[in-house]
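Coordinate analysis (summary)
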Amino acid sequence: MESLNRVTEPKGRKRSSKRDPEANRQLLIKATLDTIADIGVTDTSVSRICERSGLSRGMIHLHFGGKDNLLTAAAQHFSTEYYAEMDRMTELGSDASPEERVMAVIEADLSEALLNPRSTKIWHAFRGIASSHPGIARYSSTQDPKLVETLRRAFTEIAQQNGHDPNLVNDATSGTLALLEGMWVNYLTDMQVFSRRRSAELIRRFLGGLFPGKFKL
């Protein structure tokens, strides 16, 4: 997914151009994300963002009112891009079984399009300062309402099919999200050893234990 992996600058851009405010705004957001991926949030200064984007400090204040608001806008942009790609990859149609819908979410989250060096560095950087930055906290949660509802609805269907304890729906939803978050940590810790296939199988086995007869390998 291009938007999560690199900055694309519009052709013909001139330094400090004021002709296309939205293009400049996007340049600053993407330059911020690339800088965070390279050196982390702490060292992502206004000077570095300006250097990477080719725009002036005045542009940051003009479009965002300062660095804090720019960081919030960058977190929002990153979150929006992630969930847009997640939606695209999990669009299976009405004939898909609930198990297929759950595994589509898991496989999408573990895919290279979403789980890659740049995205994990950005995500962990934002999570690291979320407690002291309300704007970033709003967009760095793994508990996206739409994603949670997608999993909850699928697990509810599975639970109803075999008369399973309805409390398992909450366990399965929370457990799946926690395991996926843990996989992102594992990936960032050792990208060379990390296995997407093994990670997906581990989560499948967890779900198979909650719903015997389902999620078979």
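Focus: the overall build of the chain
The helix and strand inventory of the chain stands at 11 helices and 0 strands. Each principal axis of the C-alpha atoms in the chain carries an extent, and together these give about 60 × 35 × 30 Å. The buried share of the chain, taken over its 217 residues, is 44%. Counting only contacts in the chain whose residues sit at least 6 apart along the sequence, the fraction spanning at least 24 positions is 70%. Here the chain displays about 11,300 Å² of accessible surface, and carbon together with sulfur accounts for 48% of that area. With 29 positive and 27 negative side-chain charges, the chain shows a spacing of 7 Å between the two charge centroids.

Remarks on the environment of leucine 177
Positionally, leucine 177 belongs in helix α10 (residues 167-189). Judged by relative accessible area, which is 5%, leucine 177 ranks as buried. Separated by 26 residues in sequence, leucine 177 and isoleucine 203 have C-alpha atoms that sit 9.9 Å apart.

Observations concerning the confidence of the model for the chain
In this model, the chain carries an average pLDDT of 90, and 91% of its residues clear a pLDDT of 70 or more. By mean pLDDT, helix α1 (residues 2-5) is the weakest element of the chain at 50, and helix α6 (residues 98-109) is the strongest at 97. This stretch, residues 6-17, has a pLDDT under 50; its non-local contacts, to residues over four places away or in other chains, come to 22 contacts.

What to know about helix α7 (residues 117-129)
A rise of 1.5 Å per residue sets the reference length of α7, with its 13 residues, at 18 Å; its end C-alpha atoms lie 19 Å apart and thus fit the reference within 8%. For α7, every residue scored as buried is listed here: Arg118, Ser119, Thr120, Ile122, Trp123, Ala125 and Phe126.

So, the nonpolar core
If you look at the biggest cluster of nonpolar residues, it comprises 59 residues, and the most contacted ones within it are Ile106, Phe126, Phe155 and Phe211. A total of 9 residues in this core trace back to one element, the largest contributor, which is helix α5 (residues 67-89). If sequence neighbours within four positions are ignored, isoleucine 106 has contacts with Thr176, Leu180, Ala200, Ile203 and Leu207.

Reading the values: rules and limits
Residues numbered from 1 in each chain as written. Predicted model: local features only at pLDDT ≥ 70, side-chain atom pairs only at ≥ 80, totals over all residues. Heavy atoms only, no water. Helix = DSSP H or I, 4+ residues; strand = E, 2+ residues; numbered from the N terminus. Buried < 20%, exposed > 50% of the residue type's maximum accessible area, 1.4 Å probe, protein only. Contact = heavy atoms within 4.5 Å. Areas by Shrake-Rupley, 256 points an atom, 1.4 Å probe, with all protein chains shown as cover. Lys, Arg positive; Asp, Glu negative; His and termini not counted. Charge placed at Lys NZ, Arg CZ, Asp CG, Glu CD. pLDDT = per-residue confidence, 0-100. Expected span 1.5 Å × (residues − 1). Core = buried A, V, L, I, M, F, W, Y, C linked by side-chain atoms within 4.5 Å.

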